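Structure at a glance
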Amino acid sequence: MLAAKHPNVVEIYQAELQDGLPIIRMEYLAGGSVSAVLGGLPSQVDVGMRIVMDAARGLEYIHSLNLLHRDMKPSNLLIDNDGAVKLSDFGLSGIITDSFLPNSGYQLTWPPENVTSGRPTDTKQGDIYALGVTACRILNGDMVFFSSIPPESDLKHAIRIGRFPDRTKWLPHLHEPLRRVLRKAMHKDPTRRYASARDFRHALEKSIPAIPWNYELDAGRAIWTSTKNGRHWKATLASIDGAKYDFELLGGQSVSRLRRRTADALRSAPFDEAAQHAERVLGRVAVLGK
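1. Here's the deal with the packing of helix H2 (residues 45-64) against helix H8 (residues 197-206)
- Packing of H2 against H8 brings their axes to within 8 Å, and their N-to-C directions diverge by 160°. Classified by the interaxial angle, the pair formed by H2 and H8 is roughly antiparallel. Once H2 is placed against H8, the crossing between them reads as left-handed. Residues Met-49, Val-52, Met-53, Ala-56, Arg-57, Leu-59 and Glu-60 of H2 touch H8, and the partners they reach there are Ala-197, Arg-198, Phe-200, Arg-201, Leu-204 and Glu-205.
- When its residues are assigned to classes, the contact of H2 with H8 shows eight nonpolar, no polar and five charged.

2. Let's talk about the pairing of strand E2 (residues 21-26)
- Across the six residues that make up E2, only a small minority, zero, are buried.
- In terms of strand pairing, strand E1 (residues 12-18) meets E2 through six bridges, oriented antiparallel. Paired with Leu-17 across the two strands is Pro-22, which belongs to E2.
- As consecutive antiparallel partners, E1 and E2 are separated by two residues, and within that stretch Asp-19 has a phi angle of approximately 55°, a positive value.

3. A look at the pattern of salt bridges
- For the structure on display, the rule yields 17 salt bridges.
- Among the salt bridges present, the one from Glu-205 reaches Arg-57, with a minimum N-O distance of 3.7 Å. Taken together, the residues Glu-205 in helix H8 and Arg-57 in helix H2 connect sequence positions 148 residues apart.
- You can call Arg-57 partly exposed: its relative accessible area is 29%.
- One salt bridge in this structure joins Glu-113 and Arg-193, with 2.6 Å as the shortest N-O distance. Of this pair, Glu-113 sits in helix H3 (residues 112-117) while Arg-193 is found in the loop between helix H7 (176-185) and H8, placing the two residues 80 residues apart along the sequence. With respect to burial, Glu-113 and Arg-193 carry one shared label: buried.
- Look at the salt bridges and you will find they share partners, linking Asp-54, Arg-57, Glu-60, Arg-201 and Glu-205 into a network.

Parameters at a glance
Residues numbered from 1 in each chain as written. Predicted model: local features only at pLDDT ≥ 70, side-chain atom pairs only at ≥ 80, totals over all residues. Heavy atoms only, no water. Axes fitted to C-alpha atoms, helices over the stretch in contact; angles between N-to-C directions. Helix = DSSP H or I, 4+ residues; strand = E, 2+ residues; numbered from the N terminus. Parallel < 35°, antiparallel > 145°, perpendicular 65-115°, else oblique. Left-handed = near helix turned anticlockwise from the far one by under 90°. Contact = heavy atoms within 4.5 Å. Nonpolar A, V, L, I, M, F, W, Y, C, P; charged D, E, K, R; others polar. Buried < 20%, exposed > 50% of the residue type's maximum accessible area, 1.4 Å probe, protein only. Pairing = 2+ DSSP bridges. Salt bridge = Lys/Arg side-chain N within 4 Å of Asp/Glu carboxyl O.

Any link to function would need more than the numbers given here.
Here it is in structure tokens:
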């Protein structure tokens, strides 16, 4: 960590023995971890993408030093007073060419190639995969992420064949260009992932939505909101009788002057049909801004 001094890596001031105990003195990051801040809920899309892009900058730098992080997850991403995200917890890190790397401990981000070989993560593509999984968890939320975990006896097999994380489960408002970026970062074949953390970050930058949705559940009703360039948006998906669902989209120059967009509304539809309709509409608005 001393070697990896960078704006997106937690800074170490001193390492010493104090009364026989090893002590690391590092900067205090009052914002806490991404995991604690989100509390398992999905992030607002642009906020989540910014978190991952900051992490990718830190990862890009440590890779340039021939180092691997090897323990990428939301709890190891810390937030400073300005909202910047920094990589922390280098307890499993090591030099890429080191043949004595310890086994990584967080199975949910193990790259498929390492599950197959039984070796610890030993390539940059392994770190990129773990960051892709972390991004999926940040943007989709823990409910979606953990719902696709198979029984422990099947976990390694599911990772190996690319079924965990489930690349088909996305919240409706996550637009297709972003999904493509994350699927590539998490590709089961390391040669088909991004060649570098920088390439991953650039792909994310190119997929930043025109309208970044924020998502929440309120008494069983799904609500999406966004404000961008002086325009406000709100969409809802709600059950009307337990079997049928309504979807509507509103837009306007202020929250008090939102107008229903009749062409995008759907009334009294089965859940699957309503969810697919919401996905199409929310994705279109995210990409096109209209």
